[in-house]
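Given next are the chains, with one letter for each unit.
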Amino acid sequence: MKTVEVSTTVYAPREEVYDFLLDFPGYADYSKHLESVRADGDGGPGTEYHLTFAWWKLDYTLHSRVTDVERPERIDWEVTKDLDAAGQWLVEEPEADDGRSDAGGGATDEGDAGGEGATGDADACRVRLVVTYDPNSADGVLDLPMFVSLDWVIEKVADLVVEEGERVVERVVADLEGERRRVDLDVSVY
């Protein structure tokens, strides 16, 4: 099994960020390659999602289900067809020193002498997406063109996934915070 973990700080209240993540069908508005999201449920445990992705000559509909939620901290899910994968969204208290500054494009609270203000922890949280998967479970799932190997597709898609992830996160953060800024993502693969 492999794990990919992506995290960033969002300057919005935890409840608001959690509600946004729970509204999964809205994700299609942010992604270049996610064509549609069909939901069966209210976002809580048992809700099923069908996500249709398209890239190059490939398209695939991923089937997933929410397995557990703990408001406003966690949304657990699993893939229910073809792939062995599961994950969770975590909305956590912010780290003590998040490094936000004007250099990163974010706002500072110059008028606040010692209070929390715009950069304070009251309106900030750390969002993490953790996905655990078996890379061998993808073998035979996609209908690949003749002479195209799964290894070649994975190699090409890896950079695309990071690029798309950054674009989606920046758009989501802009909507949640009310302005665009450069978003720093921490990515770990293990």
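Structural data are supplied above this passage.
Attention here is on the structure that accompanies the text. Everything numeric here is computed off the predicted structure, so don't read it as measured data.

## Quick look at the pattern of salt bridges
Part 1 of the argument: Throughout the structure, instances matching the rule amount to 15 salt bridges.
Part 2 of the argument: Where Arg14 meets Glu73, a salt bridge forms, and the shortest distance between an N and an O atom there is 4.0 Å. With Arg14 in helix H1 (residues 14–22) and Glu73 in the loop between strand E4 (58–70) and strand E5 (74–79), this residue pair connects regions lying 59 residues apart in the sequence.
Part 3 of the argument: Owing to a relative accessible area of 17%, Arg14 belongs among the buried residues under this scheme.
Part 4 of the argument: One salt bridge connects Glu78 with Arg65, and the closest N-O pair in it is separated by 2.7 Å. Placement of the pair is Glu78 in strand E5 and Arg65 in strand E4, with a sequence separation of 13 residues.

## A short note on the side chain of Thr3
Part 1 of the argument: Structurally, the position occupied by Thr3 is in strand E1 (residues 2–10).
Part 2 of the argument: Assessed through its relative accessible area of 10%, Thr3 is described here as buried.
Part 3 of the argument: Within the structure, the side chain of Thr3 is placed 3.3 Å from the side chain of Thr132, a separation counted as a polar contact.
Part 4 of the argument: Ignoring any residue separated from it by four or fewer positions in sequence, one finds Thr3 in contact with Val130, Val131, Thr132, Ser188, Val189 and Tyr190.

## Section: unusual backbone geometry
Part 1 of the argument: Of note, the bond from Arg71 into Pro72 is cis; its omega dihedral lies within 30 degrees of zero at -5 degrees.
Part 2 of the argument: Relative to the elements of secondary structure, Pro72 occurs in the loop between E4 and E5.
Part 3 of the argument: Of note in the backbone geometry, Asp82 takes a positive phi value of approximately 75 degrees without being a glycine.
Part 4 of the argument: Note that Asp82 resides in the loop between E5 and strand E6 (85–92).
Part 5 of the argument: Judged by its relative accessible area of 40%, Asp82 is partly exposed.

## Notes on the nonpolar core
Part 1 of the argument: Judged by nonpolar contacts, the single largest core of 30 residues is most densely connected at Val10, Val17 and Leu21.
Part 2 of the argument: Where this core is concerned, the elements lending two or more residues are H1, strand E2 (34–40), strand E3 (48–55), E4, E5, E6, strand E7 (125–133) and helix H2 (150–177).
Part 3 of the argument: Per-element accounting of this core gives the leading share, four residues, to H1.

Conventions adopted
- Residues numbered from 1 in each chain as written.
- Predicted model: local features only at pLDDT ≥ 70, side-chain atom pairs only at ≥ 80, totals over all residues.
- Heavy atoms only, no water.
- Salt bridge = Lys/Arg side-chain N within 4 Å of Asp/Glu carboxyl O.
- Helix = DSSP H or I, 4+ residues; strand = E, 2+ residues; numbered from the N terminus.
- Buried < 20%, exposed > 50% of the residue type's maximum accessible area, 1.4 Å probe, protein only.
- Polar contact = N/O pair within 3.5 Å; in protein donor to acceptor, adjacent residues only side chain to side chain.
- Contact = heavy atoms within 4.5 Å.
- Core = buried A, V, L, I, M, F, W, Y, C linked by side-chain atoms within 4.5 Å.

Keep in mind these numbers describe shape, not what the thing actually does.
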